[in-house]
Structures are given as C-alpha cells and as structure tokens.
Amino acid sequence: MSRIEFMNELAALLADLPIDDRNDALAYYNDYFDDAGAENEGVIISELVSPAKVAKTIKSELGGTIKEDQESSDVLPEKYEEMPKDKNNLLKIILIIAGVCILAPIILPIIFAVFITVVSLLFAVFMFFVSLVIAAVAVIICGISLIVAGILMIIPEIAAGLVCIGVGLLLTAAGLVATRYTVKLCTVVFPGLVRFTVDICRRLVGMTRKAVA
C-alpha cells in the first residue's frame, strides 16, 4: 500500500467526522509522512498498521465513537420520553382522585356549612329590610286611616278631627320618607351583599382546589 492509497482510504474512513476535525487529522498524518521522507513511507505504513486502525484511534481521541453511540441512543429517549410523562400524568390524576376522596368528606361539609351560613345571613338581612319597608308602609296606612277618621270626626268634634287629620298627615309623611329611604338603602345594600356572597363562594372554591391539588 502506498502513501496515497493509505491517505485516500483514511479520508474515506473519516468521512463521518466534522470537516474541520477530518482536515486536521489528514493534515497531521500528511505532515507525519512528509517528516519521515519518501524513503520511509513503507516503514510509516507498517508502523501505523492500517487506515482502519488510525481512523479508529482518531475517532476515539475526538470522541467520535461516543458521539455515534449517543446519536444512535438518542432515538430511544425520544420514543420513550412520552412514557414517563404519561406515567407522571396518570400518577397525578390518581393523587388528585385520592386527595378528593380523602378531603371531600372534610371540606365539603365545611363549605356547605359556610354557604348555608352566608345564605342565612343574606336572607336575614333581606327580611330585615323587607320588614322596614313593611313598617314604613304600615305607617303610611295608619296615617291615611287617621286622616279619614279625622275627616269623619270633624263635623261632630272639630278639634278631635283636626288632631286626627294632623297626626295622620305627619304619619303619612313620615311613612313616605321612610319608605323612600328604605327602598333606596335596599338598592345599595343588596347588590353589595350579593357581591360579598359571590366573593366568598369563589374563595371557598379556590381553597378547595388548592387543598385537593
């Protein structure tokens, strides 16, 4: 085997290396032959044994064989990467279900109790303001009744009739004012109570999700 044949075969064996590494290796062995001289080419070739052995040495020094092993093994992780993910997702689902089963008997009664308490308070406040409106309307009815009674009494007893009419007018006016401001207060309080209830429900749902997660 001549130097040219040796280098051509070596270049073919190193074809899978990066071009810079391949050129550096070929240049190194070309210089090695040049330094030895043309008369010692046979000695150098016998010393190097074969292009295959030299290529194997070069690749091992450059980590070529390691890279090849990694490239061939990279195919498997891409295929099997999904399996751990699927297992993790399945494990997460199982843990969530287990958490729900364990915490549901504790959390759900608490949430239900808080919800019932909030609804009861809301209903109590609602009935309180309804009772205020009813009371104001009752005052108006009472005032109108006194006015009618005063009118009926004014002929036989003018003084008593006038007093009844005056008190009836006062009660009617007070009832009208009370009704107006009570209704206005309801329009302010009730939306606030509804927002407060919705906010509490959202907080309870958030706490439930965090506890389960």
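Conventions used here
- Residues numbered from 1 in each chain as written.
- Predicted model: local features only at pLDDT ≥ 70, side-chain atom pairs only at ≥ 80, totals over all residues.
- Heavy atoms only, no water.
- Helix = DSSP H or I, 4+ residues; strand = E, 2+ residues; numbered from the N terminus.
- Buried < 20%, exposed > 50% of the residue type's maximum accessible area, 1.4 Å probe, protein only.
- Contact = heavy atoms within 4.5 Å.
- Areas by Shrake-Rupley, 256 points an atom, 1.4 Å probe, with all protein chains shown as cover.
- Core = buried A, V, L, I, M, F, W, Y, C linked by side-chain atoms within 4.5 Å.
- Patch = residues over 30% accessible without salt bridge, like charges linked within 9 Å, V, L, I, M, F, W, Y side chains within 5 Å.
- Salt bridge = Lys/Arg side-chain N within 4 Å of Asp/Glu carboxyl O.
- Phe/Tyr/Trp six-rings, centres within 6.5 Å; stacked < 30°, edge-to-face > 60°.
- Lys NZ or Arg CZ within 6 Å of the ring centre and 35° of its normal.
- Axes fitted to C-alpha atoms, helices over the stretch in contact; angles between N-to-C directions.
- Parallel < 35°, antiparallel > 145°, perpendicular 65-115°, else oblique.
- Left-handed = near helix turned anticlockwise from the far one by under 90°.
- Nonpolar A, V, L, I, M, F, W, Y, C, P; charged D, E, K, R; others polar.
- Expected span 1.5 Å × (residues − 1).
- Arc of directions from axis to C-beta.

A. View of the overall build of the protein. If you tally the helices and strands in the protein, you get eight helices and zero strands. Listed N to C, the secondary structure of the protein is α-α-α-α-α-α-α-α in terms of helices and strands. In the protein, buried positions account for 22% of the 213 residues. Pairs at least 24 residues apart make up 67% of the contacts formed inside the protein by residues separated by at least 6 positions. Here the protein has roughly 14,900 Å² of accessible surface; of this, 70% comes from carbon and sulfur atoms.

B. Just the nonpolar core, in detail. The biggest cluster of nonpolar side chains holds 16 residues, and the ones touching the most others in it are Phe6, Leu10, Leu14 and Ile58. Broken down by secondary-structure element, the contributors of at least two residues to this core are helix H1 (3-13), helix H2 (19-36), helix H3 (41-48) and helix H4 (51-62). In terms of residue count, the dominant contributor to this core is H2 (five residues).

C. A look at a nonpolar patch on the surface. Among the surface-exposed residues, Phe112, Phe115, Ile116 and Val119 lie close enough to one another that they form a single nonpolar patch of about 350 Å² accessible area. Within the secondary structure, valine 119 is located in helix H7 (residues 82-153). By relative accessible area, which is 35% here, valine 119 ends up partly exposed.

D. Fine view of the packing of aromatic side chains. Summed over all chains, the structure comprises three aromatic pairs. Measuring from centroid to centroid gives 5.0 Å for tyrosine 28 and tyrosine 29, while their planes differ by 85°, and the two rings are edge-to-face. A relative accessible area of 12% places tyrosine 29 in the buried class. Just above the ring of tyrosine 181 sits the side chain of arginine 180; from NZ or CZ to the centre is 5.6 Å.

E. View of unusual backbone geometry. One non-glycine residue, valine 49, lies in the positive phi region at around 75°. Turning to its location among the elements, valine 49 is positioned in the loop between H3 and H4.

F. Geometry of the packing of H1 against H2. Following both chains from N to C, one finds H1 and H2 inclined at 165°, their axes separated by 11 Å at the closest point. It follows that H1 is roughly antiparallel to H2 by the angle criterion. Considering how the two elements wind past one another, H1 and H2 form a crossing that is right-handed. Residues Arg3, Phe6, Met7, Leu10 and Ala11 of H1 form the contact with H2, whose participating residues are Arg22, Leu26, Tyr29, Asn30, Phe33 and Asp34. Of the residues in the contact of H1 with H2, the class split is seven nonpolar, one polar and three charged.

G. Structural detail: the side chain of threonine 179. Note on placement: threonine 179 falls in helix H8 (residues 158-212). Setting aside its immediate chain neighbours within four residues, threonine 179 contacts Ala136, Val137 and Ile140.

H. Summary view of the pattern of salt bridges. Taken as a whole and assessed by the stated rule, the structure comprises two salt bridges. Notably, a salt bridge pairs arginine 3 with aspartate 34, separated by 2.7 Å at the nearest N-O pair. Of the two residues, arginine 3 sits in helix H1 while aspartate 34 sits in helix H2, which places them 31 residues apart along the sequence. The partly exposed category is assigned to aspartate 34, whose relative accessible area is 46%. The salt bridge partner of aspartate 16 is lysine 59, with a shortest N-O separation of 3.0 Å. Placement of the pair is aspartate 16 in the loop between H1 and H2 and lysine 59 in helix H4, with a sequence separation of 43 residues.

I. Geometry of H4. Between its first and last C-alpha atoms H4 spans 16 Å; for twelve residues at 1.5 Å apiece the expected length is 16 Å, and the two agree. Buried within H4 we find Pro51, Val54, Ala55, Ile58 and Lys59. For H4, the arc enclosing every buried residue in end-on projection is 130°, short of the 170-degree limit, so these residues lie on one face. Every exposed residue of H4 that faces more than 90 degrees away from the buried side is listed here: Lys56 and Glu61. Looking one or two places after H4, you find glycine 63, whose phi comes out positive at around 75°.

Fair warning: the whole summary comes from geometry, so function is off the table for now.
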